[in-house]
Amino acid sequence: MLARHEDLTTTPPRVDHLLITELVKPGARVLDVGCGDGALLQLLADRKDVDGRGVEIERDRVNACVARGLSVIQGDADLDLDAYPDDAFDYAILSLTIQATRNPKKVLANLLRIGRRAIVSFPNFGHWKVRAKFITTGRMPVTEHLPDTWYDTPNAHLCTIKDFADLCRLVDAKVERAVAFNVSGHQLGTWVRLPLTIHNLLGEKAVFLLSRRSADK
């Protein structure tokens, strides 16, 4: 199990981290791909007592995670997930990272292979503020959730909620739950209550809980 380190930081947890934590069952085996500074792994350890592992491409962040007692190795989501065996984890998580990968389709397929379930969060390029800035300025939008200029951004494959839903169908993923939310953390409800088009227009970010359709009994 991960070491517990309460009150290591006074920074409130990210909204998508809180939503992801709600989706993970206590004591689960978790792989956090692109785990950054380990904030999500720590939250899952503290609140859900998970057996967690992390993969992070930047060495300084890996060192910071290890210093906090987290089990994290250096690795690239595009290259290194192939080495993990099938069903090695209960959950394979990718939080605000898929848009920065070179091959999102392959990465998502690997998450679904490695984990019995995959959880993915991402910024929604279809949000109305992004659309409005693009229309009014004629330039790539810069917003609170997409703060980098086009030549400085790590985001290679920005997508909308509709785009990601299409990708889920393409890799034969079953959407068990999907939540769109705004900057304040307000959730827009489930797809059943509101059409996907509304989520795509009003949601600034989204979290998807996925499983393999081939695993259905």
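These numbers come from a predicted model, not from an experiment.

Remarks on the overall build of the protein
Next up, step 1: Broken down by element type, the protein carries eight helices and seven strands.
Next up, step 2: Residue burial in the protein is summarised as follows: out of 217 residues, 46% are buried.
Next up, step 3: Within the protein, contacts between residues separated by at least 24 positions form 70% of all contacts whose residues are at least 6 apart in sequence.
Next up, step 4: Per element, the accessible surface of the protein, about 11100 Å² overall, is 54% carbon and sulfur.

Examining the sheet that holds strand 3 (residues 72-74)
Next up, step 1: Taken in spatial order, the seven strands make up an open sheet running 3-2-1-4-5-7-6, and their pairing is mixed. Two strands lie at the open edges of the sheet, namely strand 3 and strand 6 (173-181), each paired on one side alone. Shown here is a sheet whose adjacent strand axes are inclined to one another by a mean of 15°, direction ignored.
Next up, step 2: Sheet analysis places strand 1 (residues 29-33) next to strand 4 (residues 89-95), joined by four bridges and oriented parallel. Paired with L31 across the two strands is A92, which belongs to strand 4.
Next up, step 3: Helix 5 (residues 104-114) rests against strand 1, strand 4, strand 5 (115-123), strand 6 and strand 7 (205-212) of the sheet, and its axis sits at about 145° to strand 5.

So, the environment of I198
Next up, step 1: Within the secondary structure layout, I198 lies in helix 8 (residues 196-202).
Next up, step 2: Through-space distance from the C-alpha of I198 to that of A180 is 9.8 Å; in sequence the pair is 18 residues apart.

A word on the confidence of the model for the protein
Next up, step 1: Averaged over all residues, the pLDDT of the protein is 87; the fraction at 70 or higher stands at 88%.
Next up, step 2: When pLDDT is averaged over each element of the protein, strand 1 comes out on top at 98 and helix 8 at the bottom at 84.
Next up, step 3: Across residues 1-9, where pLDDT falls below 50, the model places 22 contacts with residues more than four positions away in sequence or in other chains.

Observations regarding the packing of aromatic side chains
Next up, step 1: In the structure shown here, the tally under the stated rule is four aromatic pairs.
Next up, step 2: A ring pair is formed by Y84 and F89, whose centres lie 6.3 Å apart and whose planes are at 55°; its orientation type is tilted. For the pair shown, Y84 and F89 are each scored as buried.
Next up, step 3: Here F122 and F208 contribute two aromatic rings whose centre-to-centre distance is 5.8 Å and whose plane-to-plane angle is 35°, an arrangement assigned as tilted. One end of the pair, F122, is in strand 5; the other, F208, is in strand 7, and 86 residues separate them in sequence.
Next up, step 4: By relative accessible area, F122 is classed as buried at 0%.
Next up, step 5: Exposure remark for F208: the relative accessible area of 0% places this residue in the buried category.

Quick word on unusual backbone geometry
Next up, step 1: Despite not being glycine, D87 shows a phi value in the positive range, around 55°.
Next up, step 2: Residue placement: D87 occurs in the loop between helix 4 (77-80) and strand 4.
Next up, step 3: The backbone of D172 shows a phi angle near 60°, a positive value even though the residue is not glycine.
Next up, step 4: Relative to the helices and strands, D172 is located in the loop between helix 7 (161-170) and strand 6.

Reading the values: the criteria
- Residues numbered from 1 in each chain as written.
- Predicted model: local features only at pLDDT ≥ 70, side-chain atom pairs only at ≥ 80, totals over all residues.
- Heavy atoms only, no water.
- Helix = DSSP H or I, 4+ residues; strand = E, 2+ residues; numbered from the N terminus.
- Buried < 20%, exposed > 50% of the residue type's maximum accessible area, 1.4 Å probe, protein only.
- Contact = heavy atoms within 4.5 Å.
- Areas by Shrake-Rupley, 256 points an atom, 1.4 Å probe, with all protein chains shown as cover.
- Pairing = 2+ DSSP bridges.
- Axes fitted to C-alpha atoms, helices over the stretch in contact; angles between N-to-C directions.
- pLDDT = per-residue confidence, 0-100.
- Phe/Tyr/Trp six-rings, centres within 6.5 Å; stacked < 30°, edge-to-face > 60°.

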